[in-house]
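The chain contents come next:
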Amino acid sequence: KIRLTQPVRGLGGRLLPQGKVLRASINARAKVVVMVGPHRLPLKLDQWELILTDEDLEEWLAAG
């Protein structure tokens with residue numbers, strides 16, 4: 001998961017606020033991409049930070 005470090009406008013004009021947590025993936029060009037509705041939105045390096053949520057940690061501990 002990632003947290004936006006600045007507001008980002010999606011392709012449909014929807015504003016995603018700073019601090020919003022999203023699931024992300026890496027595309028073939030090694031860019032971080034999030035899904036915003038039906039659109040894939042690539043993000044620049046300065047627009048996000050990697051985070052580990054309590055839910056992620058619990059899943060990781062349960063699997064280990």
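Residues numbered from 1 in each chain as written. Predicted model: local features only at pLDDT ≥ 70, side-chain atom pairs only at ≥ 80, totals over all residues. Heavy atoms only, no water.

Undergrad: How would you explain the pattern of salt bridges if you had to name every residue and give the values?
TA: As enumerated under the stated definition, the model contains 4 salt bridges in all. Across the salt bridge formed by R23 and E55, the nearest N and O atoms sit 4.0 Å from each other. Of this pair, R23 sits in the loop between β4 (21-22) and β5 (24-26) while E55 sits in helix α1 (residues 54-63); the two residues are 32 residues apart in sequence, bridging distant segments of the chain. Take R23: its relative accessible area is 59%, and that puts it in the exposed class. Among the residues examined, E55 registers a relative accessible area of 42% and is labelled partly exposed. When salt bridges that share partners are traced, they join K1, R23, E55 and D56 into one network. (Salt bridge = Lys/Arg side-chain N within 4 Å of Asp/Glu carboxyl O. Helix = DSSP H or I, 4+ residues; strand = E, 2+ residues; numbered from the N terminus. Buried < 20%, exposed > 50% of the residue type's maximum accessible area, 1.4 Å probe, protein only.)

Undergrad: Can you break down the sheet that holds strand β8 (residues 48-50) residue by residue, with the values?
TA: Across a sheet, strands are paired by hydrogen bonds formed along the backbone, either parallel or antiparallel in direction. Taken together, the 3 strands give an open sheet; going across it, the order is β4-β1-β8, and neighbouring strands pair in antiparallel fashion. In this open sheet, the two edge strands, each paired with only one partner strand, are β4 and β8. Looking at chain direction, strand β1 (residues 2-4) and β4 are connected through 2 bridges and run antiparallel. Residue pairing in the sheet places I2 in a bridge with L22 of β4. (Pairing = 2+ DSSP bridges.)

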